[in-house]
Amino acid sequence: MDAAGVIDEVGPDVTGWSVGDEVMAIALPLSTHGGAYVQELVAPVGSFTRVPRGTSLLAASTVPMNGLTALQILSLAGLSRGDTLAVTGAAGLLGNYVVQLAVAAGLTVIADAAPADEALVRSLGPAHIVPRGDGFAAAVRELVPGGVDALADAAVQRSVVVDAVRDGGVFLDVRGWSGDGSRGIRFEQVAVFSEYRSFDKLEQLRHAVESGTLTPRVAEVLPASRAAEAHERLEAGGTRGRFVLTW
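Basis of the calculations
Throughout, residues of each chain are indexed from 1 in the direction in which the sequence is written. Two thresholds apply to this predicted model, a pLDDT of at least 70 for residue-level local features and 80 or more for giving and counting side-chain atom pairs, whereas whole-chain, interface and lining totals are computed over all residues. Side-chain measures were taken over the full set of non-hydrogen atoms in the model, leaving aside hydrogen atoms and water. Buried Ala, Val, Leu, Ile, Met, Phe, Trp, Tyr and Cys residues that are joined via side-chain atoms within 4.5 Å together make up what is termed a nonpolar core. Partly exposed residues are those whose accessible area sits between 20% and 50% of the maximum for their type, while under 20% is buried and over 50% is exposed, using a 1.4 Å probe and protein chains only. What makes two residues a contact is simply this: any of their non-hydrogen atoms within 4.5 Å. In this text, helices come from DSSP runs of H or I with a minimum length of four residues, and strands from runs of E with a minimum of two, each type numbered from the N-terminal end. Lines fitted to C-alpha atoms define the axes here, with helix axes fitted over just the stretch in contact, and angles between the N-to-C directions of these axes take values from 0 to 180 degrees. Throughout, the term roughly parallel applies to angles under 35 degrees, roughly antiparallel to angles over 145, roughly perpendicular to angles from 65 to 115, and oblique to all others. Classification used: nonpolar for Ala, Val, Leu, Ile, Met, Phe, Trp, Tyr, Cys and Pro, charged for Asp, Glu, Lys and Arg, polar for all others including Gly.

So what exactly am I meant to see when it comes to the nonpolar core here?
The nonpolar side chains of a soluble globular protein tend to be buried, and buried together. Counting residues in hydrophobic clusters, the biggest one holds 44 residues, and the most contacted among them are Ile73, Leu85, Val87, Val98, Leu101, Leu205 and Leu214. Among residues more than four places away in sequence, those in contact with Ile73 are Leu94, Val98, Ala152, Leu172, Val174 and Val190. Ranked by size, the runner-up nonpolar core spans 17 residues in total, among them Val161, Val165, Ile185 and Phe187.

Structure below.
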């Protein structure tokens, strides 16, 4: 769903964009135009923006999908400065972006981390770090006895971590879980497909990278011919950042 490259053709009705512009885009694999596993991508206006200043195409290609997902999470959470947000999967790239954007918004962030990832997660700026795993909810409750205002479940732990949320709080799921209906919690399903032409949000992400608020992270660059290997390694877990395929 992520792409970055150089514009080599502009439609007759398009203004404001020129051949040679470096851009980053979100692509929809199930749409007419298809996903980003291509050498040439047809991208409608609104689905792309300029590459952040001082950022390579490789790094920029890691921003759109996870960045838009993170912004949607924060929008659906509807929190105010000083409110508490817990984040699972904070060491993954989506978790990275959620933590960084939430901290920038003035939220009190509690993030999880395995020992090997603690330095990475700490660099994102959360107020607290708790151990990753089944004890997450209990660890969060030790810090916030009444439970957090919202939980972004980037690790897809669902019922294992829902107890971290206060009564009437918000649980944000990225894989379509509608929740268990407990304790008046509002369960929100995050769907980045709806952000296909969210140009203003892409611009927000561009500015966040340029200001240092958001840190793109490339795990490894591979030729497109090794896409299957990238998927196998991603599925095995432990990836920090994004695999980037090049053509």
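Looking at this structure, I do not really get the environment of Ser47. What am I missing?
With respect to the helices and strands, the residue Ser47 is situated in the loop between strand E2 (22-26) and strand E3 (48-50). Using a relative accessible area of 0% as the deciding quantity, one classes Ser47 as buried. Between the C-alpha atoms of Ser47 and Pro64, which are 17 residues apart in sequence, the distance is 9.2 Å. If near-sequence neighbours (up to four positions away) are discounted, Ser47 is found in contact with Met24, Ala25, Ile26, Tyr196, Arg197 and Leu202.

I keep staring at the packing of helix H2 (residues 64-77) against helix H6 (residues 199-211) and nothing clicks. Help me out?
The description of two packed helices rests on the angle between their axes and on the distance between the axes. Between H2 and H6, the least distance of the axes is 10 Å, while the angle of their chain directions is 105°. The orientation of H2 with respect to H6, classified from their angle, is roughly perpendicular. In this structure, H2 contributes Pro64, Gly67, Leu68 and Leu71 to the contact, and H6 contributes Lys201, Leu202, Gln204 and Leu205. Looking at the contact of H2 with H6, its residues break down into five nonpolar, two polar and one charged.

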